[in-house]
Amino acid sequence: MVRGALAAAVTPLRDDGAALDEDAFAPYLDFLAAAGLDGILGLGTTGEGILLSAAERRRAAELFLEGPLPVIVHCGAQTTADTCALAADAAAGGAAGVAVIAPPYFALDDEALLEHLAAAAQAAGEVPFYVYEFKARSGYAVSLAVLGRLRERAPNFAGLKVSDKPFDAVEPYLLDGLDVFVGAEELVLAGIGRGAAGAVSGLASVFPHEVVALVRDRDGDVGALRRGLDRFPFQAAAKYVLGRRGVPVREDVRRPLRTLRDDEKRELDAWLESS
């Protein structure tokens, strides 16, 4: 079981975001490992997973799994069939866990969502299964009733990544017997104080040392770093800063996401120099 400080990794892309930049995965993963992270979540929100084709997601998962850190692979997709296929492939490839967000667009009722999540957990076999709770992205929350019934249906249901805010929205998911990873960095210490297993942090994809210190040593305030990146399209800003930090990750993102304008790059450069 993976616990502690995990990075919600970016996915290296090239050709204006149209293709995976396979050569960039290894140096990027080495950069994350050198910071002392406990693992990564691949192909989540920071990793643009929902925008990639199924074939690209499988290949990206393979590349993440070739790295030195344990990998929880996000396999959430619009359909149950695609979600289950991705979960089965990730499990067969050696993933440390499989995570699934509630499918966006259609607000599923509890019955439909339970069947979807139970099918995905079953497809993952004995690999730990995590529900990715992020109401702002899925459009609706996973109810506690669904989680309770999923615990009865899926023996590999291990925990959740909860990216909701404020803490009042996170606290109900801190359930006994489940490993909960907090997504919002400003809520990590409160979550750990209530028994959370750690953090899955988008900020850690760029500033891993600082998030490791926050989770492991309860040291430091990463709020200024997060606010600095949040002024811009996050995936583009994260990749741009990685390049500025010497990590060979291109600025490319998958459309309809956009790269940074020149004035935004100048503003970000100035912020980095003053930080």
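Keep in mind that this is a model prediction, so the values were computed, not measured.

Undergrad: Got a minute to help me understand helix α9 (residues 208-217) in this structure?
TA: Residue pairs three or four apart in sequence face the same way in an α-helix, which turns once every 3.6 residues. Looking at α9, one finds that the buried residues are P208, V211, V212, A213, L214 and V215. Check the buried side of α9 and you find it contacts β1 (4-8), α1 (22-34), α8 (188-193) and β10 (198-201).

Undergrad: Whenever I open this one, the packing of aromatic side chains confuses me. Can you help?
TA: When we look at a pair of aromatic rings, we describe it by the centre distance and by the angle of the planes. With the rule as written, the count across this model stands at 4 aromatic pairs. Ring centres 4.9 Å apart and planes at 85° place the aromatic pair Y105 and F106 in the edge-to-face group. Under the relative-accessibility criterion, Y105 is labelled exposed at 72%. The exposure class assigned to F106 is exposed, which follows from its relative accessible area of 56%.

Undergrad: Where do I start with the packing of helix α2 (residues 54-65) against helix α3 (residues 80-92) in this structure?
TA: Each packed pair of helices is defined by two parameters, the angle between the axes and the distance between the axes. For the pair α2 and α3, the least separation of the axes is 10 Å and the interaxial angle reads 20°. Regarding the angle of α2 to α3, the classification is roughly parallel. Here α2 runs over α3; the crossing is right-handed. Every residue of α3 that contacts α2 at A54, R57, R58 and L65 is listed here: A85, L86, D89 and A90.

Undergrad: Is there a simple way to explain the layout of surface pockets in this structure?
TA: The method is simple in principle: a probe with the dimensions of a water molecule rolls over the atoms, and the space it marks as empty is what remains. What the largest pocket holds in volume is close to 610 Å³. Taken together, 29 residues form the lining of the largest pocket, with K165, G183, A184, E185 and R226 sitting closest to its centre. Elements with a minimum of two residues in the lining of the largest pocket: α5 (135-138), β10, α10 (223-230) and α11 (234-244). In terms of residues, the lining of the largest pocket owes the most to one element, α10, which gives 4 residues. Of the residues assigned to the lining of the largest pocket, the class counts are 10 nonpolar, 9 polar and 10 charged. Taken as a whole, the second largest pocket spans an internal volume of roughly 260 Å³. In terms of lining residues, the second largest pocket is bounded by 14 residues, among which G44, T45, I50, I101 and R137 are the most central.

Undergrad: For this particular structure, what's the right way to read the sheet that holds β10?
TA: By definition, the strands of a sheet pair up through backbone hydrogen bonds, in either a parallel or an antiparallel sense. Here 8 strands make up a closed barrel; going around it, the order is β1-β4-β5-β6-β7-β8-β9-β10 and the pairing parallel. Across the sheet, the axes of successive neighbouring strands diverge by a mean angle of 25°, strand direction being ignored.

Undergrad: Hey, could you run me through unusual backbone geometry in this one?
TA: For residues that are not glycine, phi is negative in most cases, and the peptide bond is trans in most cases. Cis geometry is found at the peptide bond from K165 to P166, where omega equals -5°. You can see P166 is positioned in the loop between β8 (157-162) and α7 (167-170). Cis geometry marks the peptide bond from R255 to P256; its omega dihedral reads 20°. With respect to the helices and strands, the residue P256 is situated in the loop between α11 and α12 (262-274). Unlike most non-glycine residues, D15 shows phi in positive territory, near 55°. With respect to the secondary-structure elements, D15 resides in the loop between β2 (13-14) and β3 (19-20). On the basis of relative accessible area, D15 is assigned to the partly exposed category, the value being 46%.

The rules behind these values
- Residues numbered from 1 in each chain as written.
- Predicted model: local features only at pLDDT ≥ 70, side-chain atom pairs only at ≥ 80, totals over all residues.
- Heavy atoms only, no water.
- Buried < 20%, exposed > 50% of the residue type's maximum accessible area, 1.4 Å probe, protein only.
- Helix = DSSP H or I, 4+ residues; strand = E, 2+ residues; numbered from the N terminus.
- Contact = heavy atoms within 4.5 Å.
- Phe/Tyr/Trp six-rings, centres within 6.5 Å; stacked < 30°, edge-to-face > 60°.
- Axes fitted to C-alpha atoms, helices over the stretch in contact; angles between N-to-C directions.
- Parallel < 35°, antiparallel > 145°, perpendicular 65-115°, else oblique.
- Left-handed = near helix turned anticlockwise from the far one by under 90°.
- 1 Å grid on protein atoms, 1.4 Å probe; cavity = no way out; pocket = protein on both sides within 12 Å on 5 of 7 lines; lining within 4 Å.
- Points joined across faces, edges and corners; volume = space filled by probe spheres on them.
- Nonpolar A, V, L, I, M, F, W, Y, C, P; charged D, E, K, R; others polar.
- Pairing = 2+ DSSP bridges.

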